[in-house]
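For reference, the chains in residue letters:
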Amino acid sequence: MAKTPPSPSPDLAPIWQSLQAHAGEMKKQHLRDMFAANPARFRDFSLSHGEMLLDFSKNLIDAKTLRLLEKLAQQAELESWITRMFRGDRINNTENRAVLHTALRAPADAEVTVDGQNVIPEVHRVLGQMENFCARVHDGSWTGYTGKAITDIVNIGIGGSDLGPHMVSTALRPYWKDGLSAHFVSNVDGTDINETLARLNPETTLFIIASKTFTTRETMTNAHTARQWFLDNSENRHSHVGRHFVAVSTNASAVQAFGIDKDNMFEFWDWVGGRYSLWSAIGLPITLIVGMDNFRKLLAGAHEMDEHFRHADFLQNMPVILGLLGVWYRNFLGASNHAILPYDHSLRLLPAYLQQADMESNGKGVSRDGNPVDWDTGPIIWGQPGTNGQHAFFQLIHQGTEMVPADFILPARTHHPISEHHEILCANCIAQTEALMRGKTEEEAREELAAAGMDEAQIEALAPHKVFPGNKPTNTIVLRQLTPFNLGKLIALYEHKIFVESIIWNINAFDQWGVELGKQLANVIEHELDSAGDCSSHDSSTNGLVNYLKRQ
Ligand code: F6P
């Protein structure tokens, strides 16, 4: 009998063991047979909510799998964790912070308290400040130093202060305001800012310096370069800076020290995690480029998903289902990774966005109480938009040796109904999930080769290469259309999925200590690269690399 892997807590050991035994049974099954045996499988294993459909029928599950997973969620006290998150408990225990990105999209009459203070009025005050600012930029009353209207917005930030606004702004391209363009600079590699600045006119450019801490080396370096470029290319007057630089941060004193007036600072709070911050003032570039009405629709879509997540029964609950399936593949079926495959060119940055959201949240090796985990946690997240991925890495998903559970994301309606493009896109998306599920048997492969006129020897030689094992799990998420509302809902779906997994895995999804060590060492090496003489304070590889670079 297979050894039962350790469970995330002693209380979960029996259900973990049942799931392990059940996984052994399920591994003997093929999805093709399960579909043949149950013609209502799509009905049984799909959910629809508003303008979103989740088809999870092409997963290696049956009704018993779901019952066991539901029990796992109950025994991990998921319901109480959801309540604790939404009401503002300090569930980010290593930073002693509440986790309230959900409060950022709650209606004005909601009440969520942190330290006895209702945070909702502050949230809506900042939304109002963003709205006023956007209105002034849009109607031309906020001008550059020569009196010209703003034409270009440059967001300078990294990680959560870049990926969310960048992904959403790209996804909502059809909603962009006329006469405005958005640019995103994140990389400390000077190429990024250099190539961006080369396209800009200082008279009509507005920089948003976005950093929760306002200390992040990459962002501050880019911000100083942008300010210097602005001074060098305007009249070198510091008094003009205020019209061209605004900040989004939790650190008012650092913002002022940079030279940005506190009136031009948009605040957010320590209970907003970086990778969960696009709903806060970090969304300022989104509001500027698509307008406040559309930003509010984005928030409303996320709120709709929040309500669904809070109130729907586990087996009717999209984020819970996705999270439990994530656990099923990671801990019981041995999947090490998960692909995000948007069949929408506008969502091309979604895989990169979800890499941070998921991997920075659930890439943890100790449990909440600091003990090393003995069970697998967050998978590797990767992906590319369809159909491009089909001509790159799909070969491995179809016929390679690694199991890659994948999410296909498809809007039913396109913003660009040009000739037959959208039908081709949709057909490919659906066909891929069918091919991954069914595969192609050897018999089918042989028949096909024979029909193509091959002789016996050729068929013998080629048939094994033409077999597709199938039985590859996928989810398909269909949105009616990629609107601001539906995009908000989609992002919140993934945020909550990640949370569900973290609760089962008994880890804190809201800290990110793993990014600190590299930052610390980079500070040391930066000084060494700049100082005279050979460096000898590290191991031989690190010394060797530093000294090699110094000699170049
Ligand atoms: O990569 C670590 C991290 O702290 C992320 O969590 C965060 O989104 C990013 O850096 C940027 O941080 P800040 O907004 O403080 O500049």
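Up top is the structure.
Residues numbered from 1 in each chain as written. Predicted model: local features only at pLDDT ≥ 70, side-chain atom pairs only at ≥ 80, totals over all residues. Heavy atoms only, no water.

Asker: Quick question: what am I supposed to make of the pattern of salt bridges here?
Answerer: By the definition in use, this model includes 28 salt bridges. Between Arg97 and Asp270 there is a salt bridge, and its shortest N-O distance comes to 3.9 Å. Of this pair, Arg97 sits in the loop between helix H5 (78–87) and strand S3 (113–114) while Asp270 sits in the loop between strand S9 (265–267) and helix H12 (284–290), and the two are 173 residues apart along the sequence. (Salt bridge = Lys/Arg side-chain N within 4 Å of Asp/Glu carboxyl O. Helix = DSSP H or I, 4+ residues; strand = E, 2+ residues; numbered from the N terminus.)

Asker: For this particular structure, what's the right way to read unusual backbone geometry?
Answerer: Glycine aside, negative phi is the norm for most residues, and most peptide bonds take the trans geometry. Note the cis peptide between Gly386 and Thr387, where omega equals 5 degrees. Relative to the helices and strands, Thr387 is located in the loop between strand S11 (380–382) and helix H16 (394–399). At Asp115, a residue that is not glycine, the phi angle is positive and equals roughly 55 degrees. As for its placement among the helices and strands, Asp115 is situated in the loop between S3 and strand S4 (117–118). Residue Asn471 is not a glycine yet carries a positive backbone phi of 65 degrees. By the secondary structure assignment, Asn471 is in the loop between helix H19 (456–466) and strand S13 (474–481). Classification of Asn471 by relative accessible area gives buried; the value is 17%. (Buried < 20%, exposed > 50% of the residue type's maximum accessible area, 1.4 Å probe, protein only.)

Asker: Just to check I follow, could you spell out the site of the ligand for this structure?
Answerer: Within the structure, the ligand sits among 13 residues, and Gly160, Ser161, Ser211, Thr216 and Glu360 are positioned closest to it. At 3.2 Å from an oxygen atom of the ligand is found a side-chain nitrogen or oxygen belonging to Gln356. Out of a free accessible area of 390 Å², the ligand has 87% covered by protein chains. Among the residues forming the shell around the ligand, the class breakdown is two nonpolar, nine polar and two charged. (Near = heavy atom within 4 Å. Polar contact = N/O pair within 3.5 Å; in protein donor to acceptor, adjacent residues only side chain to side chain. Areas by Shrake-Rupley, 256 points an atom, 1.4 Å probe, with all protein chains shown as cover. Nonpolar A, V, L, I, M, F, W, Y, C, P; charged D, E, K, R; others polar.)

Asker: Sorry if this is basic, but what is going on with helix H6 (residues 120–139) here?
Answerer: Taking 1.5 Å as the rise per residue, H6 with 20 residues should run 28 Å; its terminal C-alpha atoms sit 28 Å apart, in good agreement. Every buried residue of H6 is accounted for by Ile120, Val123, Val126, Leu127, Gln129, Met130, Phe133, Cys134 and Val137. In this fold, the buried residues of H6 make contact with S4, strand S7 (205–210), strand S8 (245–249), S9, H12 and helix H13 (292–311). Backbone geometry just downstream of H6 places Gly140 in the positive-phi region, at approximately 85 degrees. (Expected span 1.5 Å × (residues − 1). Contact = heavy atoms within 4.5 Å.)

Asker: For this particular structure, what's the right way to read the packing of helix H21 (residues 516–530) against helix H22 (residues 540–551)?
Answerer: The N-to-C vectors of H21 and H22 enclose an angle of 40 degrees; their axes lie 9 Å apart at closest approach. The angle between H21 and H22 falls in the class oblique. Taken as a pair, H21 and H22 cross one another with a handedness that is right-handed. In contact with Ile525, Glu528 and Leu529 of H21, H22 contributes Thr542, Val546, Leu549 and Lys550. Considered class by class, the residues forming the contact of H21 with H22 number four nonpolar, one polar and two charged. (Axes fitted to C-alpha atoms, helices over the stretch in contact; angles between N-to-C directions. Parallel < 35°, antiparallel > 145°, perpendicular 65-115°, else oblique. Left-handed = near helix turned anticlockwise from the far one by under 90°.)

Asker: Even after reading the chapter, I still don't get the packing of aromatic side chains, so can you show me in this structure?
Answerer: The way to describe two aromatic rings as a pair is by their centre distance and the angle between their planes. On inspection of all chains with the given rule, the structure shows 20 aromatic pairs. Judged by centre distance (5.5 Å) and plane angle (35 degrees), the rings of Phe393 and Phe394 are tilted. Grouping residues by exposure puts Phe393 and Phe394 together as buried. Ring pairing ties together the aromatic residues Tyr145, Phe207, Phe214, Trp229, Phe230, Phe245 and Phe258, which thus form one cluster. Here the basic side chain of Arg84 rests over the ring of Trp81, its NZ or CZ set 4.3 Å away from the ring centre. Sitting above the plane of the Phe258 ring, Arg227 keeps its charged end 4.4 Å from the centroid. (Phe/Tyr/Trp six-rings, centres within 6.5 Å; stacked < 30°, edge-to-face > 60°. Lys NZ or Arg CZ within 6 Å of the ring centre and 35° of its normal.)

Asker: Before we go on, may I ask you to explain the sheet that holds strand S10 (residues 337–342) in this structure?
Answerer: Two orientations exist for strands paired in a sheet by backbone hydrogen bonds: parallel and antiparallel. Read across the open sheet, the six strands follow the order S1-S2-S13-S12-S10-S11; overall the sheet is mixed. Strands at the two margins of the open sheet, each flanked by one partner only, are strand S1 (46–49) and S11. Strand-to-strand twist in this sheet, taken as the mean axis angle between neighbours without regard to direction, amounts to 15 degrees. Where strand S12 (residues 406–413) and S13 come together, seven bridges link them in parallel fashion. Following the sheet pairing, Ala406 is matched in S13 by Thr474. (Pairing = 2+ DSSP bridges.)

Asker: What am I meant to see in the state of the cysteines here?
Answerer: Defined simply, a disulfide is a covalent bond joining two cysteines at their sulfur atoms. Taken as a whole, this structure holds zero disulfides when the rule is applied. Residue Cys429 stays outside any disulfide, its sulfur separated by 7.3 Å from that of Cys426, the closest cysteine. (Disulfide = S-S within 2.5 Å.)

Asker: Before we go on, may I ask you to explain the environment of Gln399 in this structure?
Answerer: In this fold, Gln399 is placed in helix H16. For Gln399, a relative accessible area of 27% gives the class partly exposed. Distance in space between the C-alpha atoms of Gln399 and Val467 is 8.2 Å, their sequence separation being 68 residues. When residues no more than four places from it in sequence are discounted, the contact partners of Gln399 are His465, Lys466, Val467 and Phe468. Within polar-contact distance, the side chain of Gln399 engages the backbone oxygen of Val467 at 2.7 Å.

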